[in-house]
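Working through the structure, step by step
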Amino acid sequence: MADGRGGPEPTAIRAGAILTIDLEAIKENYRRLRQELRPVTCAAVVKADAYGLGATRVAPALAKAGVRTFFTATLDEAIAVQTALEKTRPSADIFVLNGAGAGPAEDFIAYGLMPVLNSLGELETWSAAARAAGRVLPAVLHADTGMNRLGLPPAELDTLAADTNRLAGIELRYVISHLACAEESGHALNGLQLRRFEAARARLPSAPGSLANSSGIFLGADYHFDLARPGAALYGVNPTPDRPNPMSQVVRLQGKILQSREIDAPQGVGYGAIHRVAGGTRVATVAVGYADGYLRSLSDQASAWIGDRKVPVIGRVSMDLITLDISDVPAEDAHVGALVDLIGPRQDLDALAGSAGTIGYEILTALGARYHRLYLGG
Ligand SMILES: *Cc1c(COP(=O)(O)O)cnc(C)c1O
């Protein structure tokens, strides 16, 4: 990383922590999922700014690897991705999961974006928009098969199946549903949702189907249909939590040591003095806190790594800082300015999430805005 004067990038010097995002690893993960899915098409879910990693960098990298179908949650996310993909040929399809109510139909049409229709009301909105535009408009139809969150509930599906004229003016690009328990491969709801999805498709005008998210891909070919919709697995989260992670790690988070001290008598460290140390303890203070998405629930729970030495996070995580017990680390490895691995080769995303009592998804989407972001490849 060099600027015009040949030194390191100034923001890297000033930042308290460096977040490295490996776009090549994301592309590798996409190829790995495609191999699992062959010959079925693989889309990419890039909602929530590509799970916090930066959709305008991630989407073009995935497009280079061959992705032509993207899903976002909101219309603004879709517009940002569309703009970032302007030069992609053939152009990409971008679907908005939050539906036709996510924004004015004119905006969808102006940007060439497509809603995932989640209710009869949205179907009516989109059909009316097609009538007003004087042309057929493409969209996805979402049938709820047991998640009870978004999508046409069973009674609305009955109404639609009995009167498919409600689809007038709508080109059905896909019929989709979403699995509630895919990461638990033995969960009974998986098979039930699969059968309900097959039944729903049989009652609707013929259209390609899509059911599997990241974990759904690993439930087997029955779940693949015509298109898979992974998000998390692309970004390194383990889609098969009861087995070793088949995905490559994408993020590395390194915090800088701001200060270190020797504590020579028993004392508390940090807010609330919840962690007491004996005399003869060395403590390092690192410039990452809950304002950066290093969750407060990691207080007195997590570990960091200095080289190949594991160091415990002691005391409370505060807004901008954490404290580590570095008593076992040689002083030359834990000097002011040294980088400490918070997510890295010795502790992956899921391991840190486990220490916080949460999932990798939440750690990723909480990653803060103060990090110096370093993108590899693309
Ligand atoms: C978020 C989402 C996905 C992607 O799920 P992952 O578990 O991240 O792979 C797919 N489909 C729908 C409808 C979603 O909301």
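Look a little higher up for the structure.
Model, not experiment: these values are computed from the prediction. (Residues numbered from 1 in each chain as written. Predicted model: local features only at pLDDT ≥ 70, side-chain atom pairs only at ≥ 80, totals over all residues. Heavy atoms only, no water.)

1. Thoughts on the packing of helix α2 (residues 23–37) against helix α4 (residues 55–64)
Rules: For helices, the fitted axis covers only the stretch in contact; all axes are lines through C-alpha atoms, and the angles between them, taken along N-to-C directions, range from 0 to 180 degrees. Helix and strand definitions follow DSSP, with helices as H or I runs of at least four residues and strands as E runs of at least two, each counted in order from the N terminus. Each angle gets one of four labels, with under 35 degrees taken as roughly parallel, over 145 as roughly antiparallel, 65 to 115 as roughly perpendicular, and the rest as oblique. Each crossing gets its hand from how the near helix is turned against the far one by less than a right angle, where anticlockwise is left-handed and clockwise is right-handed. Working rule for contacts: check all heavy atoms of both residues, and any pair within 4.5 Å makes them a contact. Polar here means any residue other than Ala, Val, Leu, Ile, Met, Phe, Trp, Tyr, Cys and Pro, which are nonpolar, and Asp, Glu, Lys and Arg, which are charged; Gly is therefore polar.
Two elements in contact, α2 and α4, have axes separated by 9 Å at closest approach and are oriented at 50°. Of the possible angle classes, the one that applies to α2 and α4 is oblique. For the crossing formed where α2 meets α4, the hand is right-handed. Residues Leu 23, Ile 26, Lys 27 and Tyr 30 of α2 form the contact with α4, whose own contacting residues are Arg 57, Val 58, Ala 61, Leu 62 and Lys 64. Its residues assigned to classes, the contact of α2 with α4 shows 6 nonpolar, no polar and 3 charged.

2. A closer look at the packing of aromatic side chains
Filter applied, for reference: Note on aromatic contacts: the rings of Phe and Tyr and the six-membered ring of Trp form a pair at centre separations within 6.5 Å, being stacked when their planes are under 30 degrees apart, edge-to-face when over 60 apart, and tilted otherwise. The rule is simple: take the accessible area with a 1.4 Å probe, protein chains only, and divide by the maximum for that residue type; under 20% is buried, over 50% is exposed, in between is partly exposed.
Per the stated rule, a full pass over the model turns up 6 aromatic pairs. Their ring planes at 40° and their centres at 4.9 Å tell us that Tyr 51 and Tyr 235 sit as a pair that is tilted. Separated by 184 residues along the polypeptide, Tyr 51 in helix α3 (residues 47–51) and Tyr 235 in the loop between β10 (227–228) and β11 (251–263) bring together distant segments of the chain. Looking at Tyr 51, the relative accessible area reads 7%, which means it is buried.

3. Some points on the nonpolar core
Heads up, the rule is: Nonpolar cores were defined as sets of buried Ala, Val, Leu, Ile, Met, Phe, Trp, Tyr and Cys residues, with membership established by side-chain atoms within 4.5 Å. Start and end points for every domain follow an automatic or database-based domain assignment.
Core analysis: the biggest nonpolar cluster contains 120 residues, and Leu 53, Leu 62, Phe 70, Tyr 235 and Tyr 294 have the highest contact counts within it. Each of domain 1 (23–235) and domain 2 (251–376) accounts for three or more of the residues forming this core. Those residues within four positions of Phe 70 in sequence are excluded, and the remaining contacts are Ala 44, Val 46, Ala 59, Leu 62, Ala 63, Leu 85, Ala 92, Asp 93, Ile 94 and Phe 95. Membership of the second largest hydrophobic core comes to 5 residues, among which are Ile 263, Val 269, Val 277 and Ile 314.

4. A closer look at the pattern of salt bridges
The following threshold applies: By definition here, a salt bridge exists when the distance from a side-chain nitrogen of Lys or Arg to a carboxyl oxygen of Asp or Glu is within 4 Å.
Considering all chains together, one arrives at 11 salt bridges under this definition. Where Asp 341 meets Arg 252, a salt bridge forms, and the shortest distance between an N and an O atom there is 2.8 Å. Note that Asp 341 is positioned in strand β18 (residues 339–343) and Arg 252 in strand β11, a separation of 89 residues in sequence. Overall, the relative accessible area of 10% leaves Asp 341 in the buried class. Exposure remark for Arg 252: the relative accessible area of 32% places this residue in the partly exposed category. Among the charged side chains, a network of salt bridges with common partners joins Asp 93, Glu 171 and Arg 173.

5. Quick look at the site of the ligand
The cut-off we apply is this: Put simply, a residue is near a molecule or strand once any heavy atom of it comes within 4 Å of that molecule or strand. Nitrogen and oxygen atoms within 3.5 Å of one another constitute a polar contact, given that in protein one can donate a hydrogen and the other can accept it, and given that sequence-neighbouring residues count only through two side-chain atoms. Per-residue and other accessible areas were derived by the Shrake-Rupley procedure at a 1.4 Å probe size, with only the shown protein chains allowed to occlude residues. Grid points spaced at 1 Å and placed over the protein atoms alone form the basis of the search, with a cavity being a set where a 1.4 Å probe fits but cannot get out and a pocket an open set showing protein on both sides within 12 Å along at least five of seven lines. Lining residues have an atom within 4 Å of a point. Here the criterion for a molecule occupying a pocket or cavity is that more than half of its atoms lie within 2 Å of the pocket grid points.
Lys 47, Tyr 51, Ser 214, Gly 231 and Tyr 361 are the nearest of the 13 residues found near the ligand. Contacts to the ligand include Lys 47, whose side-chain N or O atom sits 2.7 Å from an oxygen atom. Taking His 178, its side chain carries an N or O atom lying 3.4 Å from a nitrogen atom of the ligand. Its free accessible area being 390 Å², the ligand has 93% of it covered by the protein chains. One can see that the ligand is located within the largest pocket. A class-by-class count of the residues in the shell around the ligand yields 6 nonpolar, 4 polar and 3 charged.

6. What to know about the sheet that holds strand β8 (residues 170–176)
Our working rule: At least two bridges found by DSSP between two strands is the condition for calling them paired.
Taken together, 7 strands build an open sheet; the order of strands is β3-β4-β5-β6-β7-β8-β9 and the sheet is parallel. Looking at the sheet topology across the chains shown, the edges are occupied by β3 (44–45) and β9 (209–210). Of the pairings in the sheet, the one linking strand β7 (residues 137–142) to β8 comprises 6 bridges and is parallel in character. Looking across to β8, one finds that His 142 is bridged to Ile 176.

7. Structural notes on α2
For clarity, the cut-off: Multiply 1.5 Å by the residue count of a helix minus one, and that product is the helix's expected span.
Between its terminal C-alpha atoms α2 stretches 21 Å, which fits the 21 Å expected from 15 residues at 1.5 Å a residue. All buried positions along α2 are accounted for by Leu 23, Ala 25, Ile 26, Lys 27, Asn 29, Tyr 30, Leu 33 and Leu 37. Buried residues belonging to α2 abut β1 (17–22), β2 (41–42), α4, α10 (214–217), β10 and β19 (372–376). Its side-chain oxygen placed 3.0 Å from the backbone nitrogen of Glu 24, Asp 22 serves as the N-cap of α2.

Geometric values such as these leave the question of function open.
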